Each structure stands twice: as structure tokens, then as C-alpha cells.
Amino acid sequence: MVNCACGFPRTTRTSWTHDNPGRKFKACKFYNHETGHRGCNTFDWVDVEEPTNWQRDVINMLVAEKHRVATDNHILKSRLVCVEHQKNRLEQELENINRKPLKRKEIVNKSLGFNAVCFCVIVSVVISVIVVKVMN
Ligand SMILES: [Zn+2]
């Protein structure tokens, strides 16, 4: 195994840039794509051959599709949690309605509860979109 100029074994990573999606490379262990820091700049592609244009296009399309599906999945999961919460609340309300007739003050309180559920749905969707952005 060849060490980098820092004297450490090189690490194998996968590039997800537009030009080299899915392509493996060996680099300095201090290489960090998030900060742009490249350590001692040791860098070699594992596959000497570059991907063809159609391979690059297909991989980039699949990566974009994967991100879209992951985002949809996060949004749907958080909506499901809110819908289940709303279902439980409505079942509880129905039970209360069947038990006794409603007074005017109780009706007002229940509409406030519905607003809280709407707020919960909006907040969870916003949070899941932020989470997905941060993860990508
Ligand atoms: Zn190094």
C-alpha cells in the first residue's frame, strides 16, 4: 500500500461530482469534500478509464432520482405521523361526543386543536426538507 505525502495510508473514496459520478479514487486521508480541504493533495483515480458520456448521464440521472425519492419519503413519513396523530385525536373526540352532548366552549376548543394539527403538518414538512438538504 502506498502512503500519501503525509505518511498515512491513502483512503479509497467515491466521487459524486457531476463529471465523475460513482468513480472511485484514492486520496490523502485528510481529503474532505465538504470543506474542500485536500490534505497533501495525493489523488489518483482507481479506474484509469473515464466513464463515457452516456454512463455519466445515466448515473447523474439516477442520483438525482434517488435524492428526489428520499425527499418524498421524508415528507410522506412526517405527514403519516401527523395523520396518525390527527386520527387518534378524532377517535378520542368521537368517543367524547358519543358520551355527552357538546357545549359551545368545547366546540371552539376543538377547532383550536385542528389548527394545532395543521401547524404540526407544516412544521414537520419544513423540518424534513431541511434534513434532506443537510444530508445531501
Ligand atoms: Zn496526505
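Residues numbered from 1 in each chain as written. Predicted model: local features only at pLDDT ≥ 70, side-chain atom pairs only at ≥ 80, totals over all residues. Heavy atoms only, no water.

**Student:** I would appreciate a short explanation of the pattern of salt bridges in the present structure.
**Tutor:** Between side chains of opposite charge, pairing is possible as soon as their charged atoms come close. Inspection of the entire model under this criterion finds seven salt bridges. As a salt-bridge pair, Glu-50 and Arg-56 come within 3.7 Å of each other at their nearest N and O atoms. Notably, a salt bridge pairs Glu-95 with Arg-99, separated by 3.0 Å at the nearest N-O pair. On the criterion of helical spacing, the pair formed by Glu-95 and Arg-99 is a turn pair, its members being four residues apart in helix H1 (residues 53-99). Glu-95 sits in the partly exposed class, given a relative accessible area of 43%. Overlapping salt bridges bring together Glu-65, Arg-68 and Asp-72 as one network. (Salt bridge = Lys/Arg side-chain N within 4 Å of Asp/Glu carboxyl O. Helix = DSSP H or I, 4+ residues; strand = E, 2+ residues; numbered from the N terminus. Buried < 20%, exposed > 50% of the residue type's maximum accessible area, 1.4 Å probe, protein only.)

**Student:** Explanation requested: the confidence of the model for the protein in the structure shown.
**Tutor:** Reading predicted coordinates in detail is not appropriate for stretches of low pLDDT. In this model, the protein carries an average pLDDT of 88, and 92% of its residues clear a pLDDT of 70 or more. Looking over the protein, one finds the lowest element-wise mean pLDDT in helix H2 (residues 104-135), namely 78, and the highest in H1, namely 96. (pLDDT = per-residue confidence, 0-100.)

**Student:** Could you clarify how one ought to interpret the coordination of the zinc ion in this entry?
**Tutor:** Ligation of the zinc ion by protein atoms is provided by Cys-4 (SG), Cys-6 (SG), Cys-28 (SG) and Cys-40 (SG), these donors lying 2.2 to 2.3 Å from the ion. For the zinc ion, the four donor atoms are set out with angles of 103 to 116° between them, so the coordination reads as tetrahedral. In the primary structure, the donors to the zinc ion are separated according to the pattern C-x1-C-x21-C-x11-C. Here Cys-4 is found in the segment before strand E1 (11-16), whereas its partner Cys-40 is found in the loop between strand E4 (37-38) and strand E5 (43-45), with 36 residues between them in sequence. You can call Cys-4 buried: its relative accessible area is 6%. (Donors = N, O, S within 2.8 Å, 3.2 Å for Na, K, Ca; no water. Tetrahedral: all angles 85-135°; square planar, octahedral: opposite > 155°, others 65-115°.)

**Student:** Is there a simple way to explain the pairing of E1 in this structure?
**Tutor:** Successive residues of a regular strand alternate their side chains across the two faces of the sheet. The sheet contact formed by E1 and strand E2 (residues 21-27) spans six bridges and is antiparallel. Bridged to Thr-11 within E2 is Ala-27. Between the antiparallel neighbours E1 and E2 lie four residues. (Pairing = 2+ DSSP bridges.)

**Student:** Where do I start with the layout of surface pockets in this structure?
**Tutor:** One water molecule sets the probe size; rolling that probe over the atoms shows where empty space is left. Taken as a whole, the largest pocket holds about 360 Å³ of empty space. The wall of the largest pocket is formed by 16 residues, among which Thr-14, Ser-15, Trp-16, Tyr-31 and His-33 lie closest to the centre. Mapped by element, the contributors of at least two residues to the lining of the largest pocket are E1, E5 and H2. At four residues, the largest contribution of residues to the lining of the largest pocket is made by E1. (1 Å grid on protein atoms, 1.4 Å probe; cavity = no way out; pocket = protein on both sides within 12 Å on 5 of 7 lines; lining within 4 Å. Points joined across faces, edges and corners; volume = space filled by probe spheres on them.)

**Student:** Can you help me understand the packing of aromatic side chains in this one?
**Tutor:** The relation between two aromatic rings is expressed through the spacing of the ring centres and the mutual angle of the planes. What the rule picks out here adds up to six aromatic pairs. Between Phe-8 and Phe-30 the ring centres are 5.6 Å apart and the planes differ by 85°, which places this aromatic pair in the edge-to-face class. Here Phe-30 lies in the loop between E2 and strand E3 (31-32) and Phe-8 lies in the segment before E1, a separation of 22 residues in the sequence. On the basis of relative accessibility, which here comes to 38%, the residue Phe-30 falls in the partly exposed class. Taken together, a centroid distance of 6.4 Å and an interplanar angle of 45° make the contact between Tyr-31 and Phe-43 tilted. (Phe/Tyr/Trp six-rings, centres within 6.5 Å; stacked < 30°, edge-to-face > 60°.)

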